[in-house]
Amino acid sequence: MSAAIIFVILLVLMLTGMPISISLGLTVLTFLFTMTQVPIESVALKLFTGIEKFEIMAIPFFILAGNFLTHGGVARRMINFATSMVGHWYGGLGLGGVMACALFAAVSGSSPATVVAIGAILLPAMVKQGFPNKFGAGVITTSGALGILIPPSIVMVMYSVSTNTSVGALFMAGVVPGLMLAVFLGFTTWYRARKFDYPRQPKASAMERLKAFKESAWGLFLIVVVMGGIYSGIFTPTEAAAMSAVYAFFVAVFVYKDLGLKDVPKVLLNSANMSAMLLYIITNAVLFSFLLTHENIPQEMADFMIGTGVGVIGFLIMANILMLIAGNFMEPSSIVLILAPILFPIAIKLGIDPVHFGIIMVVNMEVGMCHPPVGLNLYVASGITKMGITELTVAVWPWLVSMLVFLVLVTYVPWISLALPRALGMM
(Lines give C-alpha, C1' and ligand atoms only; values in the text may rest on other atoms or scores of the structure.)
Protein backbone atom coordinates (compact mmCIF):
# COMPACT_ATOMS: atom_id res chain seq x y z
CA MET A 1 0.00 0.00 0.00
CA SER A 2 2.76 2.45 0.95
CA ALA A 3 4.56 1.70 -2.34
CA ALA A 4 1.41 2.62 -4.32
CA ILE A 5 0.99 5.89 -2.36
CA ILE A 6 4.67 6.86 -2.89
CA PHE A 7 4.59 6.25 -6.65
CA VAL A 8 1.20 7.96 -7.10
CA ILE A 9 2.51 11.09 -5.31
CA LEU A 10 5.68 11.04 -7.47
CA LEU A 11 3.72 10.57 -10.70
CA VAL A 12 1.24 13.35 -9.89
CA LEU A 13 4.08 15.80 -9.08
CA MET A 14 5.95 14.88 -12.28
CA LEU A 15 2.78 15.31 -14.39
CA THR A 16 2.48 18.90 -13.12
CA GLY A 17 5.72 19.62 -15.00
CA MET A 18 7.78 19.93 -11.83
CA PRO A 19 11.51 19.05 -12.24
CA ILE A 20 12.32 15.42 -11.36
CA SER A 21 14.64 16.39 -8.50
CA ILE A 22 12.02 18.54 -6.72
CA SER A 23 9.33 15.89 -7.37
CA LEU A 24 11.50 13.29 -5.64
CA GLY A 25 12.23 15.52 -2.64
CA LEU A 26 8.59 16.58 -2.19
CA THR A 27 7.38 12.97 -2.48
CA VAL A 28 9.71 11.94 0.34
CA LEU A 29 8.79 14.88 2.60
CA THR A 30 5.04 14.50 1.97
CA PHE A 31 5.07 10.79 2.79
CA LEU A 32 7.41 10.98 5.78
CA PHE A 33 5.64 13.88 7.49
CA THR A 34 2.08 12.66 6.93
CA MET A 35 2.32 8.88 7.20
CA THR A 36 5.34 8.02 9.36
CA GLN A 37 6.93 9.01 12.65
CA VAL A 38 10.42 9.61 11.18
CA PRO A 39 12.02 12.63 12.92
CA ILE A 40 12.86 15.62 10.70
CA GLU A 41 16.51 15.53 11.89
CA SER A 42 17.08 12.17 10.20
CA VAL A 43 15.89 13.62 6.87
CA ALA A 44 18.31 16.55 7.12
CA LEU A 45 21.11 14.18 8.12
CA LYS A 46 20.35 11.87 5.17
CA LEU A 47 20.53 14.82 2.76
CA PHE A 48 24.15 15.43 3.80
CA THR A 49 25.37 11.87 4.38
CA GLY A 50 23.70 10.66 1.16
CA ILE A 51 26.18 12.45 -1.07
CA GLU A 52 29.14 12.01 1.26
CA LYS A 53 30.67 9.45 -1.08
CA PHE A 54 34.11 9.60 -2.64
CA GLU A 55 32.79 8.27 -5.99
CA ILE A 56 30.40 11.24 -6.42
CA MET A 57 33.40 13.59 -6.70
CA ALA A 58 34.15 11.97 -10.07
CA ILE A 59 31.03 13.56 -11.61
CA PRO A 60 32.10 17.27 -11.48
CA PHE A 61 35.61 16.34 -12.66
CA PHE A 62 34.40 14.33 -15.68
CA ILE A 63 31.98 17.15 -16.57
CA LEU A 64 34.85 19.67 -16.37
CA ALA A 65 37.14 17.47 -18.50
CA GLY A 66 34.35 17.05 -21.09
CA ASN A 67 33.79 20.82 -21.27
CA PHE A 68 37.50 21.56 -21.75
CA LEU A 69 37.66 18.96 -24.53
CA THR A 70 34.46 20.19 -26.20
CA HIS A 71 35.77 23.77 -26.38
CA GLY A 72 39.41 22.88 -26.89
CA GLY A 73 39.63 21.59 -30.47
CA VAL A 74 40.08 17.94 -29.46
CA ALA A 75 36.89 16.87 -31.26
CA ARG A 76 37.99 18.39 -34.59
CA ARG A 77 41.31 16.52 -34.52
CA MET A 78 39.58 13.24 -33.60
CA ILE A 79 37.21 13.65 -36.57
CA ASN A 80 40.17 14.25 -38.91
CA PHE A 81 41.89 11.11 -37.61
CA ALA A 82 38.70 9.00 -37.84
CA THR A 83 37.86 10.10 -41.40
CA SER A 84 41.45 9.52 -42.55
CA MET A 85 41.03 5.87 -41.43
CA VAL A 86 37.54 5.04 -42.76
CA GLY A 87 36.58 7.96 -45.03
CA HIS A 88 37.15 5.98 -48.25
CA TRP A 89 34.39 3.47 -47.44
CA TYR A 90 30.71 4.01 -48.31
CA GLY A 91 29.34 6.87 -46.23
CA GLY A 92 32.93 7.69 -45.25
CA LEU A 93 32.21 10.87 -43.29
CA GLY A 94 29.34 9.14 -41.47
CA LEU A 95 31.60 6.22 -40.53
CA GLY A 96 34.21 8.74 -39.44
CA GLY A 97 31.51 10.31 -37.25
CA VAL A 98 30.73 6.98 -35.54
CA MET A 99 34.45 6.37 -34.92
CA ALA A 100 35.01 9.95 -33.71
CA CYS A 101 32.02 9.64 -31.33
CA ALA A 102 33.48 6.42 -29.92
CA LEU A 103 36.89 8.10 -29.40
CA PHE A 104 35.39 11.25 -27.89
CA ALA A 105 33.12 9.14 -25.65
CA ALA A 106 36.26 7.55 -24.23
CA VAL A 107 37.45 10.92 -22.95
CA SER A 108 34.26 12.86 -22.12
CA GLY A 109 31.87 10.54 -20.22
CA SER A 110 28.79 12.41 -21.49
CA SER A 111 26.43 11.77 -24.42
CA PRO A 112 25.20 15.36 -24.98
CA ALA A 113 28.83 16.59 -24.91
CA THR A 114 29.73 14.00 -27.57
CA VAL A 115 26.79 15.02 -29.81
CA VAL A 116 27.66 18.72 -29.50
CA ALA A 117 31.43 18.33 -29.97
CA ILE A 118 31.31 15.94 -32.94
CA GLY A 119 27.99 17.03 -34.48
CA ALA A 120 28.74 20.76 -34.61
CA ILE A 121 31.82 20.08 -36.76
CA LEU A 122 30.82 16.99 -38.72
CA LEU A 123 27.21 17.74 -39.74
CA PRO A 124 27.97 20.91 -41.80
CA ALA A 125 30.83 19.00 -43.49
CA MET A 126 28.51 16.09 -44.37
CA VAL A 127 25.85 18.40 -45.86
CA LYS A 128 28.59 20.18 -47.84
CA GLN A 129 29.76 16.82 -49.24
CA GLY A 130 26.26 15.95 -50.45
CA PHE A 131 24.88 13.77 -47.64
CA PRO A 132 21.19 14.30 -46.77
CA ASN A 133 20.73 16.21 -43.52
CA LYS A 134 18.66 13.29 -42.11
CA PHE A 135 21.48 10.80 -42.62
CA GLY A 136 24.01 12.93 -40.75
CA ALA A 137 21.53 13.65 -37.96
CA GLY A 138 20.77 9.92 -37.56
CA VAL A 139 24.46 9.02 -37.33
CA ILE A 140 25.41 11.69 -34.79
CA THR A 141 22.31 11.44 -32.56
CA THR A 142 22.71 7.69 -32.02
CA SER A 143 26.53 7.50 -32.03
CA GLY A 144 26.65 10.30 -29.46
CA ALA A 145 24.89 7.91 -27.06
CA LEU A 146 28.17 5.96 -26.87
CA GLY A 147 29.25 8.73 -24.47
CA ILE A 148 27.60 6.95 -21.52
CA LEU A 149 28.62 3.36 -22.41
CA ILE A 150 32.28 3.68 -23.36
CA PRO A 151 34.12 4.54 -20.13
CA PRO A 152 34.54 6.89 -18.37
CA SER A 153 30.78 7.36 -17.91
CA ILE A 154 28.91 9.70 -15.57
CA VAL A 155 25.83 7.41 -15.66
CA MET A 156 27.97 4.45 -14.52
CA VAL A 157 29.22 6.53 -11.57
CA MET A 158 25.58 7.22 -10.64
CA TYR A 159 24.70 3.51 -10.85
CA SER A 160 27.71 2.76 -8.66
CA VAL A 161 26.59 5.34 -6.07
CA SER A 162 23.04 3.90 -6.05
CA THR A 163 24.05 0.24 -5.71
CA ASN A 164 27.57 0.23 -4.18
CA THR A 165 28.95 -1.56 -7.25
CA SER A 166 32.64 -1.09 -8.16
CA VAL A 167 33.08 1.87 -10.56
CA GLY A 168 36.33 0.39 -11.91
CA ALA A 169 34.63 -2.93 -12.77
CA LEU A 170 31.74 -1.06 -14.44
CA PHE A 171 34.15 1.04 -16.52
CA MET A 172 36.00 -2.05 -17.75
CA ALA A 173 32.68 -3.86 -18.36
CA GLY A 174 31.62 -1.03 -20.68
CA VAL A 175 34.59 -1.35 -23.06
CA VAL A 176 33.53 -4.46 -25.07
CA PRO A 177 29.79 -3.53 -25.31
CA GLY A 178 30.80 0.04 -26.25
CA LEU A 179 33.02 -1.14 -29.10
CA MET A 180 30.39 -3.67 -30.22
CA LEU A 181 27.67 -1.01 -30.34
CA ALA A 182 30.02 1.26 -32.34
CA VAL A 183 30.40 -1.63 -34.85
CA PHE A 184 26.59 -2.09 -34.99
CA LEU A 185 26.05 1.63 -35.65
CA GLY A 186 28.94 1.71 -38.14
CA PHE A 187 27.48 -1.24 -40.07
CA THR A 188 24.05 0.47 -40.25
CA THR A 189 25.75 3.65 -41.51
CA TRP A 190 27.77 1.75 -44.14
CA TYR A 191 24.76 -0.34 -45.29
CA ARG A 192 22.51 2.70 -45.81
CA ALA A 193 25.29 4.68 -47.51
CA ARG A 194 25.94 1.76 -49.89
CA LYS A 195 22.21 1.30 -50.55
CA PHE A 196 21.69 4.97 -51.48
CA ASP A 197 25.19 5.44 -52.99
CA TYR A 198 26.25 8.30 -50.69
CA PRO A 199 29.62 10.02 -51.27
CA ARG A 200 33.00 8.53 -50.38
CA GLN A 201 36.24 10.36 -49.74
CA PRO A 202 39.53 9.70 -51.52
CA LYS A 203 41.62 7.14 -49.64
CA ALA A 204 44.08 8.85 -47.29
CA SER A 205 47.74 8.01 -47.70
CA ALA A 206 49.78 6.47 -44.88
CA MET A 207 51.47 9.86 -44.31
CA GLU A 208 48.12 11.68 -44.07
CA ARG A 209 46.90 9.11 -41.54
CA LEU A 210 50.08 9.44 -39.51
CA LYS A 211 49.79 13.25 -39.54
CA ALA A 212 46.13 13.06 -38.40
CA PHE A 213 47.09 10.62 -35.64
CA LYS A 214 49.93 12.86 -34.41
CA GLU A 215 47.58 15.87 -34.27
CA SER A 216 44.96 13.96 -32.28
CA ALA A 217 47.46 12.04 -30.10
CA TRP A 218 47.24 14.47 -27.16
CA GLY A 219 43.47 13.95 -26.95
CA LEU A 220 43.69 10.18 -27.51
CA PHE A 221 46.33 9.86 -24.77
CA LEU A 222 43.67 10.84 -22.23
CA ILE A 223 42.08 7.39 -22.83
CA VAL A 224 45.40 5.83 -21.76
CA VAL A 225 45.62 8.13 -18.72
CA VAL A 226 42.11 7.28 -17.45
CA MET A 227 41.79 3.58 -18.34
CA GLY A 228 45.46 2.72 -17.83
CA GLY A 229 45.54 4.50 -14.47
CA ILE A 230 42.44 2.70 -13.17
CA TYR A 231 43.45 -0.75 -14.46
CA SER A 232 47.04 -0.52 -13.21
CA GLY A 233 45.83 0.63 -9.79
CA ILE A 234 47.79 3.90 -9.93
CA PHE A 235 44.61 5.78 -9.07
CA THR A 236 40.91 5.23 -8.37
CA PRO A 237 38.16 6.22 -10.88
CA THR A 238 37.57 9.43 -8.86
CA GLU A 239 41.28 10.32 -8.95
CA ALA A 240 41.27 9.45 -12.67
CA ALA A 241 38.46 11.98 -13.15
CA ALA A 242 40.53 14.69 -11.43
CA MET A 243 43.56 13.77 -13.55
CA SER A 244 41.49 13.93 -16.74
CA ALA A 245 40.19 17.43 -15.84
CA VAL A 246 43.74 18.74 -15.25
CA TYR A 247 45.05 17.01 -18.40
CA ALA A 248 42.14 18.30 -20.54
CA PHE A 249 42.80 21.85 -19.28
CA PHE A 250 46.52 21.55 -20.11
CA VAL A 251 45.88 20.16 -23.62
CA ALA A 252 43.11 22.67 -24.52
CA VAL A 253 44.95 25.77 -23.23
CA PHE A 254 48.68 25.09 -23.63
CA VAL A 255 49.03 22.38 -26.33
CA TYR A 256 46.25 23.01 -28.89
CA LYS A 257 45.73 26.63 -27.73
CA ASP A 258 42.14 26.61 -29.02
CA LEU A 259 41.02 27.81 -25.60
CA GLY A 260 42.48 31.01 -24.12
CA LEU A 261 43.05 31.56 -20.41
CA LYS A 262 40.33 34.24 -20.54
CA ASP A 263 37.82 31.52 -21.62
CA VAL A 264 38.62 29.23 -18.67
CA PRO A 265 36.29 30.97 -16.12
CA LYS A 266 33.34 30.49 -18.51
CA VAL A 267 34.11 26.76 -18.86
CA LEU A 268 34.43 26.45 -15.07
CA LEU A 269 31.08 28.20 -14.56
CA ASN A 270 29.29 25.99 -17.12
CA SER A 271 30.74 22.89 -15.47
CA ALA A 272 29.73 24.12 -12.00
CA ASN A 273 26.15 24.73 -13.20
CA MET A 274 25.85 21.26 -14.72
CA SER A 275 27.48 19.60 -11.68
CA ALA A 276 25.17 21.42 -9.27
CA MET A 277 22.12 20.29 -11.25
CA LEU A 278 23.23 16.64 -11.23
CA LEU A 279 24.25 16.69 -7.56
CA TYR A 280 20.86 18.16 -6.63
CA ILE A 281 19.13 15.30 -8.47
CA ILE A 282 21.42 12.78 -6.71
CA THR A 283 20.69 14.28 -3.28
CA ASN A 284 16.94 13.98 -3.74
CA ALA A 285 17.25 10.52 -5.30
CA VAL A 286 19.29 9.35 -2.28
CA LEU A 287 16.48 10.64 -0.05
CA PHE A 288 13.94 8.76 -2.21
CA SER A 289 16.04 5.60 -1.93
CA PHE A 290 16.14 6.07 1.88
CA LEU A 291 12.33 6.27 1.93
CA LEU A 292 11.97 3.08 -0.14
CA THR A 293 14.41 1.23 2.13
CA HIS A 294 12.69 2.58 5.27
CA GLU A 295 9.36 1.22 4.01
CA ASN A 296 11.07 -2.07 2.97
CA ILE A 297 9.64 -1.68 -0.56
CA PRO A 298 12.56 -3.10 -2.66
CA GLN A 299 12.71 -6.27 -0.50
CA GLU A 300 8.92 -6.76 -0.64
CA MET A 301 8.94 -6.29 -4.43
CA ALA A 302 11.84 -8.74 -4.76
CA ASP A 303 9.99 -11.37 -2.69
CA PHE A 304 6.79 -10.77 -4.69
CA MET A 305 8.60 -11.11 -8.05
CA ILE A 306 10.36 -14.31 -7.00
CA GLY A 307 7.09 -15.64 -5.50
CA THR A 308 5.33 -15.24 -8.87
CA GLY A 309 7.91 -17.57 -10.40
CA VAL A 310 9.27 -15.00 -12.84
CA GLY A 311 12.69 -16.26 -13.83
CA VAL A 312 15.76 -14.32 -14.91
CA ILE A 313 14.59 -14.06 -18.55
CA GLY A 314 11.13 -12.81 -17.57
CA PHE A 315 12.51 -10.29 -15.09
CA LEU A 316 15.02 -8.90 -17.61
CA ILE A 317 12.26 -8.49 -20.23
CA MET A 318 10.11 -6.60 -17.70
CA ALA A 319 13.09 -4.49 -16.50
CA ASN A 320 14.01 -3.54 -20.08
CA ILE A 321 10.42 -2.56 -20.94
CA LEU A 322 10.14 -0.50 -17.73
CA MET A 323 13.43 1.31 -18.41
CA LEU A 324 12.54 1.97 -22.07
CA ILE A 325 9.16 3.41 -21.00
CA ALA A 326 10.91 5.58 -18.38
CA GLY A 327 13.27 6.74 -21.15
CA ASN A 328 10.23 8.30 -22.88
CA PHE A 329 9.80 10.80 -20.05
CA MET A 330 13.02 11.14 -18.04
CA GLU A 331 16.71 11.68 -18.63
CA PRO A 332 19.25 8.93 -17.73
CA SER A 333 20.50 10.27 -14.38
CA SER A 334 16.98 10.36 -12.94
CA ILE A 335 16.06 6.91 -14.28
CA VAL A 336 19.16 5.26 -12.80
CA LEU A 337 18.74 6.96 -9.43
CA ILE A 338 15.02 6.10 -9.15
CA LEU A 339 14.93 2.59 -10.66
CA ALA A 340 18.30 1.15 -9.57
CA PRO A 341 17.37 0.91 -5.85
CA ILE A 342 14.10 -0.84 -6.83
CA LEU A 343 15.32 -3.25 -9.53
CA PHE A 344 18.80 -3.99 -8.12
CA PRO A 345 17.67 -6.08 -5.08
CA ILE A 346 15.44 -8.20 -7.37
CA ALA A 347 18.31 -8.72 -9.83
CA ILE A 348 20.65 -9.81 -7.01
CA LYS A 349 18.06 -12.26 -5.57
CA LEU A 350 17.69 -13.79 -9.05
CA GLY A 351 21.47 -14.23 -9.28
CA ILE A 352 22.11 -11.56 -11.94
CA ASP A 353 25.60 -10.08 -11.70
CA PRO A 354 25.46 -6.44 -10.45
CA VAL A 355 28.02 -5.29 -13.03
CA HIS A 356 26.12 -6.99 -15.88
CA PHE A 357 22.85 -5.42 -14.68
CA GLY A 358 24.56 -2.01 -14.60
CA ILE A 359 25.56 -2.36 -18.27
CA ILE A 360 21.98 -3.40 -19.18
CA MET A 361 20.71 -0.22 -17.47
CA VAL A 362 23.24 1.96 -19.29
CA VAL A 363 22.35 0.50 -22.72
CA ASN A 364 18.65 1.14 -21.96
CA MET A 365 19.56 4.75 -21.09
CA GLU A 366 21.35 5.05 -24.45
CA VAL A 367 18.24 3.97 -26.34
CA GLY A 368 16.15 6.37 -24.23
CA MET A 369 18.40 9.29 -25.19
CA CYS A 370 17.59 8.75 -28.86
CA HIS A 371 13.81 8.41 -28.87
CA PRO A 372 11.05 10.97 -28.22
CA PRO A 373 9.59 12.79 -26.45
CA VAL A 374 12.41 13.51 -23.96
CA GLY A 375 15.42 11.98 -25.75
CA LEU A 376 18.22 14.30 -24.64
CA ASN A 377 20.34 13.59 -27.73
CA LEU A 378 17.36 14.43 -29.97
CA TYR A 379 17.10 17.89 -28.42
CA VAL A 380 20.85 18.52 -28.68
CA ALA A 381 20.92 17.30 -32.30
CA SER A 382 17.82 19.37 -33.05
CA GLY A 383 19.68 22.49 -31.95
CA ILE A 384 22.62 21.67 -34.22
CA THR A 385 20.68 20.48 -37.30
CA LYS A 386 17.72 22.92 -36.98
CA MET A 387 15.42 19.91 -37.56
CA GLY A 388 12.19 19.27 -35.63
CA ILE A 389 11.94 16.41 -33.12
CA THR A 390 9.44 14.51 -35.35
CA GLU A 391 11.74 14.80 -38.37
CA LEU A 392 14.72 13.69 -36.27
CA THR A 393 12.79 10.70 -34.92
CA VAL A 394 12.21 9.50 -38.49
CA ALA A 395 15.90 10.10 -39.27
CA VAL A 396 17.24 7.99 -36.37
CA TRP A 397 14.98 4.92 -36.67
CA PRO A 398 17.40 2.63 -38.65
CA TRP A 399 20.14 3.16 -36.03
CA LEU A 400 17.58 2.89 -33.20
CA VAL A 401 16.55 -0.56 -34.48
CA SER A 402 20.19 -1.73 -34.44
CA MET A 403 20.52 -0.37 -30.87
CA LEU A 404 17.46 -2.40 -29.79
CA VAL A 405 18.95 -5.56 -31.36
CA PHE A 406 22.17 -4.86 -29.45
CA LEU A 407 20.16 -4.32 -26.22
CA VAL A 408 18.66 -7.83 -26.53
CA LEU A 409 22.12 -9.28 -27.17
CA VAL A 410 23.80 -7.55 -24.21
CA THR A 411 20.87 -8.46 -21.91
CA TYR A 412 21.00 -12.20 -22.52
CA VAL A 413 24.71 -12.72 -23.17
CA PRO A 414 26.43 -11.66 -19.90
CA TRP A 415 29.83 -12.63 -21.30
CA ILE A 416 29.84 -9.46 -23.45
CA SER A 417 29.85 -7.29 -20.31
CA LEU A 418 31.80 -9.50 -17.91
CA ALA A 419 34.61 -10.98 -20.05
CA LEU A 420 37.02 -8.01 -19.70
CA PRO A 421 36.62 -7.23 -15.97
CA ARG A 422 36.99 -10.97 -15.21
CA ALA A 423 40.08 -11.24 -17.40
CA LEU A 424 41.59 -8.26 -15.57
CA GLY A 425 40.83 -9.86 -12.18
CA MET A 426 38.44 -7.06 -11.14
CA MET A 427 35.58 -9.44 -10.24
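Described in the following lines is the structure provided in the data block. Just so we're clear, the structure is a prediction, and the values are computed from it rather than from any experiment. Here the residue index of a chain counts from 1 through its sequence in written order. Residues qualify for local features only when their pLDDT is at least 70, as the model is predicted, and side-chain atom pairs are given and counted only at 80 or more; totals for whole chains, interfaces and linings, by contrast, use all residues. Water and hydrogen atoms were dropped before computing side-chain values, which therefore reflect all heavy atoms in the structure.

## Concerning the pattern of salt bridges
Any Lys or Arg side-chain nitrogen found within 4 Å of a carboxyl oxygen on Asp or Glu counts as a salt bridge. If you walk through the whole model with that rule in mind, you get four salt bridges. A salt bridge links Arg77 to Asp258; the shortest N-O distance between them is 2.8 Å. Highlighted residues: Arg77 in helix α5 (residues 74-86) and Asp258 in the loop between α13 (237-255) and α14 (264-294), separated in sequence by 181 residues. The buried category is assigned to Arg77, whose relative accessible area is 13%. Of the charged contacts in the structure, one is a salt bridge between Lys211 and Glu215, with a shortest N-O distance of 3.5 Å. Placement of the pair is Lys211 and Glu215 together in helix α12 (residues 206-232), with a separation of four residues, close to one helical turn. Overall, the relative accessible area of 55% leaves Lys211 in the exposed class. Look at the salt bridges and you will find they share partners, linking Arg76, Arg77 and Asp258 into a network. Secondary structure is summarised from DSSP: a helix means a run of H or I of at least four residues, a strand means a run of E of at least two, and numbering begins at the N terminus for each. Exposed residues in this analysis have more than 50% of their type's maximum accessible area, buried residues have under 20%, and partly exposed residues fall in between, with area computed by a 1.4 Å probe over protein chains only.

## Quick look at the packing of helix α1 (residues 2-15) against α14
Only the contacting stretch of a helix is used when fitting its axis, a line to C-alpha atoms as for every element, and angles between N-to-C directions run 0 to 180 degrees. It is at 11 Å that the axes of α1 and α14 come closest, and there the two elements cross at 155°. Regarding the angle of α1 to α14, the classification is roughly antiparallel. Where α1 abuts α14, its residues Ile6, Phe7 and Leu10 lie against Phe288, Leu291 and Leu292. Residue composition of the contact of α1 with α14, by class: six nonpolar, no polar and no charged. Throughout, the term roughly parallel applies to angles under 35 degrees, roughly antiparallel to angles over 145, roughly perpendicular to angles from 65 to 115, and oblique to all others. Throughout, a residue-residue contact means that at least one pair of heavy atoms, one from each residue, lies within 4.5 Å. For this scheme, ten residues count as nonpolar: Ala, Val, Leu, Ile, Met, Phe, Trp, Tyr, Cys and Pro. Four count as charged, namely Asp, Glu, Lys and Arg, and the remainder, Gly too, count as polar.

## Observations regarding unusual backbone geometry
A negative phi angle is the norm for most residues apart from glycine, just as the trans form is the norm for most peptide bonds. A cis geometry characterises the amide bond from Pro151 onward to Pro152, with omega recorded as 0°. Structurally, the position occupied by Pro152 is in the loop between α8 (133-143) and α9 (154-163). Of note, Asn296 is a non-glycine position whose phi angle comes to about 60°, a positive value. Tracing the backbone shows Asn296 in the loop between α14 and α15 (297-307). Since its relative accessible area comes to 36%, Asn296 is described here as partly exposed. For Lys386, which is not glycine, the phi dihedral falls at a positive 60°. A relative accessible area of 70% places Lys386 in the exposed class.

## Structural notes on α13
The span you would expect from a helix comes to 1.5 Å times its residue count less one. For α13, built from 19 residues, the straight-helix expectation of 27 Å at 1.5 Å per residue is met to within 8% by its first-to-last C-alpha distance of 25 Å. Listed in full, the buried residues belonging to α13 are Pro237, Thr238, Ala240, Ala241, Ser244, Ala245, Tyr247, Ala248, Val251, Ala252 and Val253. Buried positions along α13 lie against α4 (58-71), α5, α10 (167-173), α12 and α14.

## Side note on a nonpolar patch on the surface
Here, patches come from residues exposed beyond 30% relative accessible area and free of salt bridges, joined within 9 Å for like charges and within 5 Å for nonpolar side chains (Val, Leu, Ile, Met, Phe, Trp, Tyr). Residue exposure ignores everything except the shown protein chains as possible cover, and the areas themselves are Shrake-Rupley values with a 1.4 Å probe. A surface patch of nonpolar side chains, about 1,000 Å² in accessible area, is lined by Ile313, Ile317, Ile321, Ile325, Phe329, Val374, Val408, Leu409, Tyr412, Val413 and Trp415. Of all the elements in the fold, those that place two or more residues in the nonpolar patch are α16 (312-326) and α20 (389-412). Structurally, Ile321 can be placed in helix α16.

## A few points about the packing of aromatic side chains
Each Phe, Tyr or Trp ring, with Trp reduced to its six-membered ring, pairs with another whose centre is within 6.5 Å; inter-plane angles below 30 degrees give stacked pairs, above 60 give edge-to-face pairs, and intermediate values give tilted ones. For the structure shown, the criterion picks out 18 aromatic pairs. The interplanar angle of 35° and the centroid separation of 5.9 Å between the aromatic rings of Phe187 and Trp190 together place this pair among those described as tilted. Here Phe187 pairs with Trp190, and both are found in helix α11 (residues 175-195), just three residues apart, close to one helical turn. Relative accessible area serves as the criterion here: at 52%, Phe187 is assigned to the exposed category. The class for Trp190 is partly exposed, based on a relative accessible area of 28%. An aromatic cluster is present here, built from Phe68, Trp218, Phe249, Phe250 and Phe254 joined pairwise through their rings. Over the ring of Tyr256 we find Arg77; its NZ or CZ atom is 3.8 Å from the centre of that ring. Placement of a positive charge over a ring is assigned whenever Lys NZ or Arg CZ falls within 6 Å of the ring centre and within 35 degrees of the normal to the ring plane. The ring of Tyr90 carries the charged tip of Arg200 above its face, separated from the ring centre by 4.2 Å.

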